[in-house]
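Residue-level listing of the chains:
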Amino acid sequence: QVQLEETGGGLVQAGGSLRLSCEASGGTFSDHAMAWFRQAPGKEREFVAGINWTGETTDYGDSVKGRFTISRDNALNTASLQMNSLKPEDTAIYYCAARPWLVQAVPRGQYNYWGPGTQVTVSS
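Here the structure is a predicted model, which is why all the values come from computation and not from measurement.

Enquirer: When you look at the overall build of the protein in this model, what are you seeing that I'm missing?
Expert: Along the protein, the regular secondary structure elements total zero helices and 11 strands. Listing the helices and strands of the protein from first to last along the sequence gives β-β-β-β-β-β-β-β-β-β-β. Relative to the compact-globule value of 14 Å for 124 residues, the protein shows a C-alpha radius of gyration of 13 Å, a close match. Taken over the C-alpha atoms alone, the protein extends approximately 40 × 25 × 25 Å along its principal axes. Split into buried and exposed, the 124 residues of the protein put 43% on the buried side. On the protein, roughly 6200 Å² of surface is accessible, and the fraction owed to carbon and sulfur atoms is 46%. In the protein, 10 positive and 12 negative side-chain charges are present, and the distance between their average locations comes to 6 Å.

Parameters and conventions
- Residues numbered from 1 in each chain as written.
- Predicted model: local features only at pLDDT ≥ 70, side-chain atom pairs only at ≥ 80, totals over all residues.
- Heavy atoms only, no water.
- Helix = DSSP H or I, 4+ residues; strand = E, 2+ residues; numbered from the N terminus.
- Rg over C-alpha atoms; globule rule 2.2 N^0.38 Å.
- Buried < 20%, exposed > 50% of the residue type's maximum accessible area, 1.4 Å probe, protein only.
- Areas by Shrake-Rupley, 256 points an atom, 1.4 Å probe, with all protein chains shown as cover.
- Lys, Arg positive; Asp, Glu negative; His and termini not counted.
- Charge placed at Lys NZ, Arg CZ, Asp CG, Glu CD.

The following block contains the structure:
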């Protein structure tokens, strides 16, 4: 059983940057693919970025490509999301997720473990 907790959310002006972190405990972190999802009010949850168990393969949603970067540190049991050039439409609750997955490709769904989420608000 993996427990996840996100930190780093907050309020930022458009064009600014934020860095989200996800700390994992329990289970074997390095056996899991990690991902970030987001959900804005009235909208469905959206895949933002994912990274495979080794950190060698990443995947991004079309709306964040070129602006966001996902990374992980298996020694520290953490995953991070660097968000640059933020836009008001990036405003959402951001969730960290984990899935046991020892495959090169990054899955976009069927994640087993979720953090409580952290609010990101981008003002115009």
